[in-house]
Every structure is written in structure tokens, then in C-alpha cells.
Amino acid sequence: MNEPADDADGIRAAVREHLLSDVLVGEDPENLTDDLPLRTSGVIDSMGVIRLTGFLEARFSIRIEAHETGVENTDTVDAIVSFVESKLAG
Amino acid sequence: MELTEDIIRLQREVEAFARERLGGSGVERDREGVFWRDGWTACGEAGILGIPVPTACGGRGAGLLATIVAMETLGRNVDDLGLLFALNAHLWAGVIPIVRFGSETQRRRWLPTLLDGRSVAGHGATEPDAGSDVFSMTTSARRDGEDWILDGTKSFVANGPVADVLIVYATTDPALGEAGIASFLVPRETPGLSCSPPLDKAGLRSAPSGTVSMEGCRIPADGLLAKPGDGAACFNCSMEWERGAILAMHVGRMEKQLDDAIRFARERRQFGRPIGAFQSVANRIVDMKIRIETSRPLVHRIGRLKDEGRQAMMEAAIAKLHVSEAAVQSSLDAVQIMGSRGYLREGLVERDLRDALGARIYSGTNEMQRVLVARLLGLPSSLPARGPGDRPA
Ligand SMILES: Cc1cc2nc3c(=O)[nH]c(=O)nc-3n(C[C@H](O)[C@H](O)[C@H](O)COP(=O)(O)OP(=O)(O)OC[C@H]3O[C@@H](n4cnc5c(N)ncnc54)[C@H](O)[C@@H]3O)c2cc1C
């Protein structure tokens, strides 16, 4: 199977797939909008974030520091995508 | 895996230091519940507190594996585990969050004296009604102009009665749950802050713990360590390092217990033979050895992972769980092998047992480590699930 590319669309697809299979199991994918608050509405807790960052590190070969895993970078799909893009840009 | 030359050199240095400056049983301090200030100062002067801290922050930059090996060496050579626990609480719950989350100004203000032994740090997360469910904390932080005002009570704060600075976790908006948590650097002399006398604990009695009360504590903006929304990450980061490293002292302690048990089992004679010739005594000693051999790789692995900049949350939980259970069992075996002598204070192993029991509770109970590992393995959370439809209004 081909991995999606590491551009914004590819990152978005990977993040969505992870969230839908890990946190929102059985949820209608349409409900996972790009601006849905994930942390501030309690959809993901900090352990979910640790799984998410573990996934992102492995999938995109990046290193994520603890201080980068706060709400600002992880509250929405949009925020996660921008964060990964900034990491990939070095 | 082999240790590097640098780490072996550090190990020798720490061993010589411990023999020279941290000798004595400390039985009196345990009985009276007294903090060993001179021992603390000596550790600061010897550079022990700077081992894991990057050189850019004024530390020795030796990394976590080196620190773990140093703590193991101290656990083997220092009888006052309370002092070692206090050092660990200071490092993992105090110093590391400042290194990882602090601004340049905060690092410059706090780290020099925290690393050279002049100051002591602690952290307040647990509350009377928020233990394992720590993020249900109610200690509040509200804005007042540029400042923050903290109100609430923190329980069981290690080093609390002797701390110069506390890292306090508080909620800025209870409706946000853990996403509303922030952490603050709270100097001891802050008006409105008070700490109880040391709690009368079963073990780790020379590591004073207290209840910290905050009433209208005014913290200037530069006292904000992790901003609202980053507090849970700060706490988890601190706990990852702590769970991974704090048990290293018990690995060293288990080695000391093993050596002492072997010596005792060879010398003590009953029924005309050394007791070590009896299989039930020998089996206990073999089990003690097996626990050391299964514990050490777990803690060393955390050191290696963190030194490579990798996540070790699950590995740290596993190490914490395994080594603390091993330390309790090893202490029980050591008491049993020594018979009535093991039951006396001066035999020291009864204190090891009391000290080890705390390890099953602090840094998150062992039951909670299982909950955490289950979550990190991808098992569903035992907490009520929320979905996109449950957005707060
Ligand atoms: C020596 C020592 C030093 C400490 N130092 C500090 C410190 O410096 N700063 C700080 O903030 N705190 C500190 N603590 C507090 C420590 O973190 C808490 O004691 C710990 O998190 C457990 O909270 P609790 O004692 O309120 O127990 P509770 O949370 O009330 O738990 C009681 C029992 O219920 C079990 N339990 C609870 N929830 C679950 C669940 N979901 N699944 C399974 N079992 C569960 C627990 O495992 C435990 O057996 C320290 C504790 C000790 C013993």
C-alpha cells in the first residue's frame, strides 16, 4: 500500500485515519471536521496525545518534544497538520 | 548493553563520593523524620544534581542513563534512601520541568541554586480529592492583570517542608478538564503559601513531605511555567522521567541487600550448617538475584531512549511497576533471611521495606501504571468516552 505524501493533504489523511481508528472508533468520519476541538472538548486526553505523537513520530520520522504537545498544537486536525508541517520543514 | 567509559568513570566517582561523604546508617534521622541537609549540600557540591541537566542549562550534560547509573550507585552505597528519594523528587518533578518547559529567564533564575545544592524543589499535583485522578484537581489559577492568583491545597508534596520553590499545577478553567491545566513556579516566600510540618510517613522518613496550602498566592506573569493547555504535558513529561529514573536507587539497594543476604547466609549457622545450605533460604537469594537482573535493563532502557530523544512513557510505567514490586519483595526476603535481626531497626532492611512500599504509590500507583500501559497499548479507556457530539456548549 502506498503511504500518502508528506504534504498537507497527506498529513491530514494520516492524522484523520489515526484518530478515527484509535480514538473515535465507530464514529462517522464526517463528524471529525478539521476544526473540531479535540483536547478542549475532552475527545482526546493526554494519553491519547501520547499515542498520537508516537504515531506521528513513526509515520513522519520526526521527534516531538513534550513541550510541543500542549493544546495549541493538538486541539484540532488543522492544528496537528500545521504542527507536523512545521516539524517537517525543520 | 555495555556502559560507556564516561559512565563507568562517573560510577566510580559517585561511589567514592558516597563512601566519603554519605556514610552512616541514618537510623536516627529515620526515627526522628529529619532531612539530611548536610548530605543534600554535599550532593550539590559534588555535582550530583547537575548530572542529567544539559550543559547549556549549567549542568554536566551526562544524560539520563548516566544519571540512572549514578542513582543506582548511590542506592547501593548510601543507607539513607530518604535523602535519595528527596534528590529524585527534586530532579524529576522540579529541575526537569524547568529545563524542558522553562524560559531562559526562568532557567537563569532557578537552575544555578537548584543544581549546586543551595535550593530544594518539589511539586504539588496531588490534592485531597484528586489522587490517581490528578487532572480533576481544583486548585485554581485566575488572572488578575498580568499576574496569576493561586488558591488550593496540595497533598503529600515531597520536599514541601524544605523546598525553596514549588512547581504547582492548577486549573485555569475546570470546564476544559486537563486542557485547562497550567503549571507555576511558586517561591517558598510567596505570601499566602504555607506548608504543614513533615507528615508522619511509614517510610522515606528523612524525605519530608507536607501539605501545601495556597490562599490568594500572587504569581507574576514570569512565574508561569507551562501555559494553560500545556500543564498536562508538563506533568506527563515530569512523570515520564520520574517513573523511569526514581527506581534506579532501588536497583542499587537490591544489590546491597543481595550481598548482605549472601554474607549472612554463609556466616549464620543453624543445625550445624550455614543457613545458605538450606534450599528455601538459597531460593530466596536466587529470586533476589533474578529481580535485579530483570529490573536493571528496564531502567537502563529508559535512560537510553530518553538520551536518544525518544518517548518512553510506556517503558517508564513498566519499569516503575516492575522495579517497585521487586524492591518490596527483595526487602521482604532480606528481612526473612535475617530472621529476628532483620526485624530490628539497626538491621536496616526493615527500613528498606518501609521505604520500598512508598514506591508502589508515588509517581502514580502501580494500579494506575497498569491503566496507563493498557491505554498506551491501544486498549479502550476505562473513563467515560466522549465523541464529537459531546462538545461543551
Ligand atoms: C512517598 C510519596 C511521595 C509523594 N510525593 C508527591 C509529590 O511530591 N507531589 C504530589 O503531587 N504527590 C505526591 N505523592 C502522592 C501520590 O502521587 C498519590 O498518593 C498517588 O497518585 C495516589 O493518590 P491517592 O494517594 O490519593 O490514592 P487514590 O487515588 O485515592 O487511590 C486509592 C487506591 O485506589 C486505586 N485506584 C484509583 N483509581 C484507580 C483506577 N482507575 N484503576 C485502578 N485502581 C485505582 C489506587 O491504585 C489505590 O490503590 C506522593 C505519595 C507518596 C506515597
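Worth saying up front: this structure is predicted, and the values here are computed from it rather than measured.

So, about the interface of chain A and chain B. Interfaces are frequently sized by the accessible area removed from exposure as the parts join. Each side of the interface is counted separately: chain A has 28 residues, and chain B has 28 residues. In total, about 2300 Å² of surface goes out of reach between chain A and chain B, with carbon and sulfur atoms giving 55% of it. It is M47, I50 and R51 of chain A in chain A that bury the most area against chain B; as a group they hold 21% of the surface buried on that side. Counting the contacts that link chain A with chain B gives 4 salt bridges. One salt bridge in this structure joins D45 of chain A and R375 of chain B, with 2.8 Å as the shortest N-O distance. The interface formed by chain A and chain B contains 11 residue pairs in polar contact (both at pLDDT 80 or more). Of all the elements, helix α2 (residues 46–60) of chain A adds the most residues to the side of chain A that touches chain B, at 8 residues. Residue composition of the side of chain A that touches chain B, grouped by class: 8 nonpolar, 12 polar and 8 charged.

The next point concerns the domain arrangement of chain B. Residue and element names in this part refer to chain B. Assigned domains within chain B: domain 1 (5–120), domain 2 (123–229) and domain 3 (234–376). Using C-alpha coordinates to define each centre, domain 1 is positioned 23 Å away from domain 2. Both sides of the domain 1 and domain 2 interface together cover about 2000 Å² of buried area, and 63% of this is carbon and sulfur. Connecting domain 1 to domain 2 are 0 salt bridges. At the boundary of domain 1 with domain 2, the tally comes to 8 residue pairs in polar contact (both at pLDDT 80 or more). Here the side of domain 1 that touches domain 2 takes 12 residues from helix α5 (residues 81–101), the largest share from any one element. Residues belonging to the side of domain 1 that touches domain 2 are distributed by class as follows: 16 nonpolar, 7 polar and 8 charged.

All names here are of chain B. Two numbers describe how helix α7 (residues 231–245) lies on helix α10 (residues 313–338): the axes approach to 8 Å, and their chain directions differ by 45°. What the angle tells us is that α7 and α10 run oblique. Handedness of the crossing formed by α7 with α10: left-handed. For the pair α7 and α10, the contacting residues are N236, E240, R243 and G244 in the first and M313, A316, A317 and K320 in the second.

Next up on the list: the pattern of salt bridges. Where side chains of opposite charge bring their charged atoms close, a pairing between them can arise. Applying the stated criterion across every chain, the model contains 40 salt bridges over all chains. Between D22 of chain A and R51 of chain A there is a salt bridge, with its nearest N and O atoms 2.6 Å apart. On the criterion of sequence distance, the pair formed by D22 of chain A in helix α1 (residues 8–22) and R51 of chain A in helix α2 is long-range, its members being 29 residues apart. D22 of chain A gets classed as partly exposed once you look at its relative accessible area, which sits at 22%. Ionic pairing is found between D79 of chain B and R253 of chain B, a salt bridge with its closest N-O pair at 3.0 Å. With D79 of chain B in the loop between α4 (64–77) and α5 and R253 of chain B in helix α8 (residues 248–267), this pair connects stretches of sequence that are 174 residues apart. The exposure class of D79 of chain B is buried, given its relative accessible area of 14%. Within the structure, one salt-bridge network assembled from shared partners comprises E72, R76, E255, D259 and R296 of chain B.

Thresholds, definitions, all that
- Sequence order as written defines the numbering, with residues in each chain counted from 1.
- Chain letters and ligand numbers both follow the written order, the letters beginning at A and the numbers at 1.
- Residue-level local features of this predicted model are given only where pLDDT is at least 70; pairs of side-chain atoms are given and counted only at 80 or more, and the full residue set underlies all totals for whole chains, interfaces and linings.
- Each side-chain value is worked out from all heavy atoms of the structure, with water and hydrogens disregarded.
- The contact rule is simple, with two residues in contact once any of their heavy atoms fall within 4.5 Å.
- Throughout, buried area stands for the accessible area (probe radius 1.4 Å) lost by two parts on being put together, summed over both.
- By definition here, a salt bridge exists when the distance from a side-chain nitrogen of Lys or Arg to a carboxyl oxygen of Asp or Glu is within 4 Å.
- Identification of polar contacts relies on pairs of N or O atoms within 3.5 Å, with a donor-acceptor requirement for protein atoms, meaning one able to donate a hydrogen and the other able to accept it, and with residues adjacent in sequence counted only if both atoms are side-chain atoms.
- Counting from the N terminus, the helices are the DSSP runs of H or I reaching at least four residues and the strands are the DSSP runs of E reaching at least two.
- Note on residue categories: nonpolar means Ala, Val, Leu, Ile, Met, Phe, Trp, Tyr, Cys or Pro, charged means Asp, Glu, Lys or Arg, and polar means any other residue, Gly included.
- For the domain bounds, the source is a domain assignment made automatically or taken from a database.
- Interaxial angles span 0 to 180 degrees and are taken between N-to-C directions of axes, which are lines fitted to C-alpha atoms, for helices over the stretch in contact.
- Angle categories: roughly parallel below 35 degrees, roughly antiparallel above 145, roughly perpendicular from 65 to 115, and oblique for all the rest.
- Crossing handedness is defined as follows: a turn of the near helix away from the far one that is anticlockwise and smaller than a right angle gives a left-handed crossing, while the clockwise case is right-handed.
- When a residue's accessible area, from a 1.4 Å probe over protein chains only, is under 20% of the maximum for its type it is buried; when over 50% it is exposed; and in between it is partly exposed.

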